[in-house]
Amino acid sequence: MADERVERRLAAILAADVAGYSRLMGTDEEGTLAALTAHRVELIEPCIAAHQGRIVKTTGDGLLAEFASVVNAVRCAIAFQKGMGERNSGVATDRRLEFRIGVNLGDIIVQEQDVFGDGVNISSRLEALSAPGHACISGVVYESVQGKLDLVVEDAGEVAVKNIKKPIHVYRVVCGGSPTPAVAAADVASKPAIAVLPFDNMSGDPEQEYFSDGLTEDIITLLAAWRSFPVIARNSSFSFKHQSRDIRQVARELSARYVLEGSVRKSANHIRVTAQLIDAELGHHIWAKKFDGALGDIFALQDEITTQIVSSVEPEMEKAELKKMETKRPASMSAWDFYLRGREHFHGLTPADMAKARAMFERAVELDPNYSDAYAGLSLTFQREMLFEIAGDRAAWESKALALARRAVALDNESSNAHYALSGALIWSNQHADSIAETRIAAQLNPSNIVAWLALGNRLNIVGETAEGIPLLERTLQRNPRDPHNHIYYGQLGRAYINERDYDKALSVLREAARLKPDYPHTYHLLAICLGHLGRIEEAREAAGRCEQLHPGFIAKRARWNINLDPEANRHLTEGLQKAGLVA
C-alpha cells in the first residue's frame, strides 16, 4: 500500500548554492543576508519562474528547483549566472555572492512537495563540482540539449562522487557569470590578486582620457587572460579614479596583494606611458618601466604598450611569489605553490630540472586533481625531454604528453596555457594542422602570451608557411628580449632561414642563440648545418664538435629526425651536414 502512495516522475533538477558562504557570513552577516535576499527576490525566483520551473526548497545559502523541460533547466542556469555576473559587477571580489550550479535529468520521488532520489543527489554532486559563476551538467543532460542549445562546454570526463554507485560523466558549462574570467581549478583563495588602477591622464587634455582608460581596461582584460592570478574587476578598480590614494589602503579595500598603476602623458605627436607594479603587502616597488611611442595609429600603439606591460607583469608577480615561498615547508604548500615551484624548475632547461619540475607538477595534481595548469606543466615536461633527446620511450612520451594536455584543456577550455601545451603535444605526434589550430587558440585566448605567438611562428615554418611564420618569430622576439628560452626561439628562426636559403641571416641569429646560452647543443647542430651550406667547412666541424661535446651522439640522433612537414626541407638540413662531411 505504501508503494502506491509514492509518486515518481522524470524531471530536470537544478541545484545551486553560494560559494564561500561561511566566509562571507563571517565577514558581514547582515550584509550577506540582505544581498542574498535581494538576489533571490529580484533575479533568481523570477528567472526560475520565467523558465517554467518551480523552487522545491531553499536552504540557508542554496536552493533546489524542478523543471519539466531539461532545455529550460539549462537555459535557466545560464540566465541565472549571467544575471549574477551583472549584479556582481562593481562589487569587491571578497564581497561577491557567486553561485555554483548543477543540473541533472533523472527519475525522482515526490513527497509532500519535496523531491528525493539519485536524480536529485546527482544534481547536488554536480553543483559541488562547478566553478563559481558557472554550472556543471550530467552526461544525460548534455545529450538531451545537444543541438537544441548553443553551449560552450568542457568535457570533464567520468567523475566518481560520494554515495553514487557509478561515475557521472560531467560537462562544465561556461556561463559567462564572472565579470573577470575565473582562475582555473586551483584554490583561488590561496592566490594573490592584482588590482589595476586607472592610469592617470597627465596630458592636461581631457580628450586624452579615453586613451588612459582604454589602456587600463585592456590591461585588466589581458591580465585576466593569464588565469594565473585573480584580477580585480574593472568597476571595482575604477571606483578609485581621480582619487588621491594610499596604495596599501586601496589594496586592502580591493582584497589585492599587488597593484599596478601608471600614467599617460601626451605632447605633440608623442606619448609616454609609465607603469609600476607594487607589492602592497610590503609596500615595495617590484617593477617599473617607461614606454614611448609616436602617435601614428594610436590604437595600434595602445595594443603594443598593453601587451608589453602585461607580458612583463605576470612573470614579475610570479618571481615575487616564489621569493616569498622560499621559507615554506613542503607540508605547508598548496597546489598553487607546487605549481609555481614546477614552473621555476621548468625554466632551468636541464634534464635534472625537468625531473624536479615534473615532481612539483605531480604534487600539485595530487593536491588538486582538477588543476588544469598543473596538467599542462606535466605535459610540457615530457615534450621538453623529447626536445632534449632524453625521452625514456619516445612513443610513450608522445602518448603521455598528449593525454595530459587533453586533460588540461578538458579542465579549463579557456586556458591559453592548456591549449599551448596541447599544441605542442600534437606537433610531437605529427598532427600538424591540429597543432597550428590549437596554437592559434592559445594566442587568441591570451594575446600577451608571447610563448604562444613564438610557437605559432615556429609551427608555421615547420609546415612551410614561412611567409607568415618568419615575420611572426621576428616581431615577437623583438617584444620578448628577456625570456630565458630565447636561445630556443632564435634557433627555430635560424632553421627557418636555412630552409629559405638565407644563410647569412641564419648565421646571425644562430650566433645570437649561442651567445644567449653557450651550452645548448641544438644551436651548434644548426650552426654546423648553416656553415656547411656556406662552405665554411672548418667552422662547421668546430660547431659539430661543440655539439657532440655537450651531447654525445646528438648529430646522429637528429639525422634520423624529420622536423619539417616537407621532406625536401628535411633533406636540405641534412645536406648542410653532408657538405661539411659530418654525415654520410
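Residues numbered from 1 in each chain as written. Predicted model: local features only at pLDDT ≥ 70, side-chain atom pairs only at ≥ 80, totals over all residues. Heavy atoms only, no water.

### What to know about the nonpolar core
Stated precisely, the cut-off is as follows: In this text, buried Ala, Val, Leu, Ile, Met, Phe, Trp, Tyr and Cys residues form a nonpolar core when linked through side-chain atoms within 4.5 Å. We call a residue buried when its accessible area falls under 20% of the maximum for its residue type, exposed when it is over 50%, and partly exposed in between, using a 1.4 Å probe and counting protein chains only. Note on definitions: a residue-residue contact is assigned when non-hydrogen atoms from the two residues lie within 4.5 Å.
Ranked by internal contacts, the top residues of the largest apolar core, which has 111 residues, are I194, F199, I219, L260, V273, I309 and V313. Apart from the residues within four sequence positions on either side, I194 is in contact with L223, P230, V231, I232, A256, Y258, L260, L277, V313 and M317. Judged by nonpolar contacts, the second largest core, of 39 residues, contains I48, V74, I137 and Y171.

### Considering helix 3 (residues 70-88)
We apply this condition: Labels follow the DSSP assignment, with helices taken as runs of H or I lasting at least four residues and strands as runs of E lasting at least two, numbered in each case from the N terminus. How far a helix is expected to stretch is found by multiplying one less than its residue total by 1.5 Å. Under this definition, polar contacts are N or O atom pairs within 3.5 Å; protein pairs additionally need one hydrogen-donor-capable and one acceptor-capable atom, and for neighbouring residues in sequence, both atoms have to be side-chain atoms.
Look at helix 3: 27 Å from first C-alpha to last across 19 residues, which is about the 27 Å you get at 1.5 Å a residue. Taking burial as the measure, the 19 residues of helix 3 include 14 buried ones, the bulk of the element. One side-chain oxygen of the residue at the start of helix 3 lies 3.3 Å from the amide nitrogen of V71, identifying that residue as S69. Taken from the residues just after helix 3, G90 is the one with a positive phi, measuring 95°.

### Topic: the side chain of H522
Looking at the element boundaries, H522 is found in helix 20 (residues 521-533). Contacts of H522, omitting those with residues within four sequence positions, involve L387, F388, F554 and R558.

### Re the pairing of strand 4 (residues 99-111)
Looking along a regular strand, one sees side chains alternate from face to face of the sheet. Our working rule: The pairing criterion is simple: DSSP has to find at least two bridges between the two strands.
Burial runs high along strand 4: 10 of the 13 residues are buried. Judged from the 12 bridges that link them, strand 1 (residues 7-18) and strand 4 form a sheet pairing that is antiparallel. Note on strand 4: the bridge partner recorded for A11 is G106. Across 3 bridges, strand 4 lies against strand 5 (residues 114-116) in antiparallel orientation. Each bridged residue has a counterpart across the sheet, and for I109 the counterpart in strand 5 is F116. A loop of 2 residues connects strand 4 with strand 5, the two strands running antiparallel in sequence, and E112 in this loop sits at a positive phi of about 50°.

### Some points on the pattern of salt bridges
Condition: Any Lys or Arg side-chain nitrogen found within 4 Å of a carboxyl oxygen on Asp or Glu counts as a salt bridge.
In the structure shown here, the tally under the stated rule is 17 salt bridges. Between K517 and D519 there is a salt bridge, with its nearest N and O atoms 3.2 Å apart. Residue class for K517 comes out buried when judged on its relative accessible area of 17%. Here R541 and E538 are joined by a salt bridge, their closest N and O atoms 3.9 Å apart. A residue pair is termed a helical-turn pair when its members lie 3 or 4 positions apart in one helix, as R541 and E538 do in helix 21 (residues 537-550) at 3 residues. Classification of R541 by relative accessible area gives partly exposed; the value is 42%. Counted as one network, the salt bridges with shared partners bring together E7, R9, R54 and E66.

### Digging into unusual backbone geometry
Unusually for a residue other than glycine, Q52 sits at a positive phi of about 60°. Residue placement: Q52 occurs in the loop between helix 2 (29-50) and strand 2 (53-58). Since its relative accessible area comes to 62%, Q52 is described here as exposed.

### Remarks on the packing of helix 15 (residues 432-445) against helix 16 (residues 450-462)
Selection criterion: Convention adopted: a line fitted to C-alpha atoms gives each axis, helices being fitted over their contacting stretch, and angles between N-to-C directions are expressed from 0 to 180 degrees. Angles below 35 degrees are treated as roughly parallel, those above 145 as roughly antiparallel, those between 65 and 115 as roughly perpendicular, and all remaining angles as oblique. Here a crossing is called left-handed whenever its near helix is offset anticlockwise from the far helix by less than a right angle, and right-handed whenever the offset is clockwise.
Between helix 15 and helix 16, the least distance of the axes is 9 Å, while the angle of their chain directions is 155°. Of the possible angle classes, the one that applies to helix 15 and helix 16 is roughly antiparallel. The hand of the helix 15/helix 16 crossing is left-handed. Note on element contacts: helix 16 touches helix 15 through A452, W453, A455, L456, R459, L460 and I462, opposite H432, S435, I436, T439, R440, A442 and A443.

### A word on the environment of K57
You can see K57 is positioned in strand 2. The partly exposed category is assigned to K57, whose relative accessible area is 35%. On a C-alpha basis, the gap between K57 and Q113 in space is 8.8 Å, while along the polypeptide they are 56 residues apart. In contact with K57, not counting residues within four places along its chain, are L63, L64 and D114.

### What about the packing of helix 19 (residues 503-516) against helix 20?
It is at 10 Å that the axes of helix 19 and helix 20 come closest, and there the two elements cross at 155°. As the angle between them shows, helix 19 and helix 20 are arranged roughly antiparallel. With respect to the hand of their crossing, helix 19 and helix 20 are arranged in left-handed fashion. Across the interface between the two elements, Y503, A506, L507, L510, R511, A513 and A514 of helix 19 pack against T523, Y524, L526, L527, C530, L531 and H533 of helix 20.

### With respect to the confidence of the model for the chain
Rule in force here: Think of pLDDT as the predictor's per-residue confidence, scored from 0 to 100.
Summarising the model, the chain shows a mean pLDDT of 82, and 87% of its residues fall at 70 or more. At the low end of the mean pLDDT range in the chain sits helix 7 (residues 234-238), at 69; at the high end sits helix 19, at 93. Long-range and interchain partners of residues 177-189, a stretch whose pLDDT sits below 50, account for 40 contacts in this model, where long-range means more than four residues apart.

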